[in-house]
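# Examination of the molecular architecture
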Amino acid sequence: MNELPASSDSPATPLLDQIHGPSDLKRLSREQLPLLTEELRGEIVRVCSRGGLHLASSLGAVDIITALHYVLDSPRDRILFDVGHQAYAHKILTGRRGEMVNIKKEGGISGFTKVSESEHDAITVGHASTSLANALGMALARDALGKDFHVAAVIGDGSLTGGMALAALNTIGDLNRRMLIVLNDNEMSISENVGAINKFMRGLQVQKWFQEGEGAGKKAVEAVSKPLADFMSRAKNSTRHFFDPASVNPFAAMGLRYVGPVDGHNVQELVWLLERLVDLDGPTILHIVTKKGKGLSYAEADPIYWHGPAKFDPATGEYVPSSAYSWSAAFGEAVTEWAETDPRTFVVTPAMREGSGLVEFSKVHPHRYLDVGIAEEVAVTTAAGMALQGLRPIVAIYSTFLQRAYDQVLHDVAIENLNVTFCIDRAGIVGADGATHNGVFDLSFLRSIPGIRIGLPKDAAELRGMLKYAQTRDGPFAIRYPRGNTTQVPAGTWPDLKWGEWERLKGGDDVVILAGGKALEYAQQAAQDLPGVGVVNARFVKPLDEKMLREVAQKAHALITVEDNTVVGGFGGAVLESLNAMGLQTPVRVLGIPDEFQEHATAESVHARAGIDAQAIRTVLAELGVDVPLGV
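Since we're looking at a predicted model, the values are computed, not measured. The written sequence of each chain sets the order in which its residues are numbered from 1. Predicted model: local features are reported for residues with pLDDT of at least 70 only, side-chain atom pairs are reported and counted for 80 or more only, and whole-chain, interface and lining totals are derived from all residues. The basis for every side-chain value is the complete set of heavy atoms in the structure, and neither hydrogens nor water enter the calculation.

## Concerning the overall build of the protein chain
Put simply, DSSP marks the helices as runs of H or I at least four residues long and the strands as runs of E at least two long, and each gets a number from the N terminus on. A count of helices and strands for the protein chain gives 25 helices and 17 strands. Here the term buried applies to any residue with accessible area under 20% of the maximum for its type, exposed to any over 50%, and partly exposed to those in between, with areas from a 1.4 Å probe on protein chains only. By the burial criterion, 56% of the 632 residues in the protein chain qualify as buried. We call two residues contacting when some pair of their heavy atoms lies within 4.5 Å. Contacts in the protein chain between residues far apart in sequence, at least 24 positions, make up 75% of those at least 6 positions apart. Using the Shrake-Rupley algorithm and a 1.4 Å probe, accessible areas are obtained, with residue cover drawn only from the displayed protein chains. When the accessible surface of the protein chain is summed, it comes to about 25,900 Å², and 54% of that surface belongs to carbon and sulfur atoms.

See below:
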């Protein structure tokens, strides 16, 4: 395929201009499809050049998405995308081209597939490894209701590292329902053994008459002699294995028909294959080999950066690197330095090396670093095993993904009070990725686990102090910090903190605001010009600083708790529980994320909407009788 047009101007898209839904796509000839995929890639590059969008994966999936919509009849047929971040071409081909300019913006369409957004979106998704179980459920429902439609799931090789996907494959093979699984393999290349014999075998495999003939022949021979039928079946498989080494694979062992690998960027060949595969009985895996960033040289050369790049020039790929110092970078620097002092330190992450700031650690301490893939449960329990043998493991994980390993935190770590530290990135509202990625539940579900201690650092120095404390004490710890930036501190900064001890940042006893982490910034902004309003850095949620809580509650006529977490069972709930146990009746206003899923927007916008930003806090202060100057 040709390189995309090297111009930031919008080139003509005569074929794409004709498509307002899947039915328009079917009016094109097969010979026109390669040109259409070029136009789609150009459109995706122009959309993604504003920054913050999923570019490389979307470019790699253009051909298979085009082929699926060309062959299948969406929305009658169900097309599922694992994770959903690669589905930009799907959105464009299903009538949302004009809305792509506002993708992931407040009020705009989601960056993932979403059932409530379009009838063409089969599932709402944002996490990996869920598509296969969903697809199986749809196939079972179809058969139970006597309906007739196709089910096709597109899943990347990375998502297959998730246990949920593998477990679903096992069940799919056992139940043998008609469905198509497209394995989008963007790591492997097509090797030399994908030659003439392999192409012949692939073509033979997808012929319906061949599949039916195999079954009819076996039944006929069985009627004469069961041992003879078994012998012929073994001979047939041996012949297949001789000519077709790819047929000996774990998918076949699970009972799934396997076809591939094939070129995932030959849209005409993909159409030919899909037309023959979709009507075959039972489950079929089509293994396609693709390249992330396909069609854009600089994205193909560095698909990791171009997975979700900053704003860039489509013609040159030039972008301005961020000079901000992120919380992820602060953690990465701290843990890399700490590991120099303690050889027992071992970092485990579930496919979050770049996102969690661990690139440098993986280079400096390669033998004390483990990426388990998209398998959060495995990450936590592997860390438990390490702790049982004397290591001091750190699980670096996003808040939204830790949800998937709740049982492992409880069952494998907490019951035996193991020395595992959870460093939880993207805690709180994350912004543009929306409801599937907001980390607003970890305080609540972790608080429910006996023995675990939870901290919310206000800056990089406190992060280091909490890490030092956790790595030198017994038991499980959780340190949560937001997506965003903080202030860098010098190497060697390891402040001494006492876990469970809060910090009074501003005097004032009329109303006292208790907040930690990101919410503390809003609290300080709200109270800065109000002499009667105090601010406490409530940096520890478990245990609370009950001594300071008692002191401020006895003096103040009201307390306000602020948290970047759901109000259900979070920090505010912990304060109320503690005050109740003390027998204190000081009024408490609990501010946090409401008990509803928050749609994508900037974090600041969501915080304002949720009522936890500085202006919202000042409004509550005024309601409590504080003289709050207007317009400030």
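## Details of the sheet that holds strand S6 (residues 345–349)
Between any two strands, pairing holds if DSSP finds at least two bridges. Strand order in the open sheet formed by seven strands is S7-S6-S8-S9-S11-S10-S15, with mixed pairing between adjacent strands. Each having just a single partner strand, strand S7 (369–371) and strand S15 (540–542) make up the two edges of the open sheet. The sheet shows a mean angle of 20 degrees between the axes of neighbouring strands, taken without regard to direction. Two elements, strand S8 (residues 392–398) and strand S9 (residues 421–425), share five bridges in a ladder whose sense is parallel. Looking at the pairing, Ala-396 lines up with Cys-423 of S9. Note on method: axes are straight lines fitted to C-alpha atoms, helices fitted across the in-contact stretch only, with angles between N-to-C directions ranging 0 to 180 degrees.

## What to know about the pairing of strand S16 (residues 558–566)
Most of S16 is tucked away: nine of the nine residues are buried. Direction of pairing for strand S13 (residues 511–515) relative to S16: parallel, over a ladder of five bridges. Paired with Ile-513 across the bridge in S16 is Ile-560. With five bridges connecting them, S16 and strand S17 (residues 588–593) associate as parallel partners. When the bridges of S17 are listed, Thr-561 appears paired with Val-590. We call a crossover right-handed when, viewed with both strands directed away from the observer, the connection leading from the first strand over the helix to the second proceeds clockwise. Between the parallel elements S16 and S17, the chain passes through helix H23 (residues 571–582) in a crossover that is right-handed.

## Here's the deal with the UniProt feature "binding site: Mg(2+)" (unreviewed entry) in the protein chain
UniProt positions are given in the numbering used here, feature names are shortened, and annotations may be inferred rather than shown by experiment. The positions UniProt marks with the feature "binding site: Mg(2+)" (unreviewed entry) are Asp-157 and Asn-186. These annotated residues cover 30 residues of sequence, but their C-alpha atoms sit close together, with the largest distance between any two at 7.1 Å. Here Asp-157 is to be found in the loop between strand S2 (151–156) and helix H7 (163–175). Looking at the element boundaries, Asn-186 is found in the loop between strand S3 (179–185) and helix H8 (196–205). Contacts of Asn-186, omitting those with residues within four sequence positions, involve Asp-157, Thr-290 and Lys-292.

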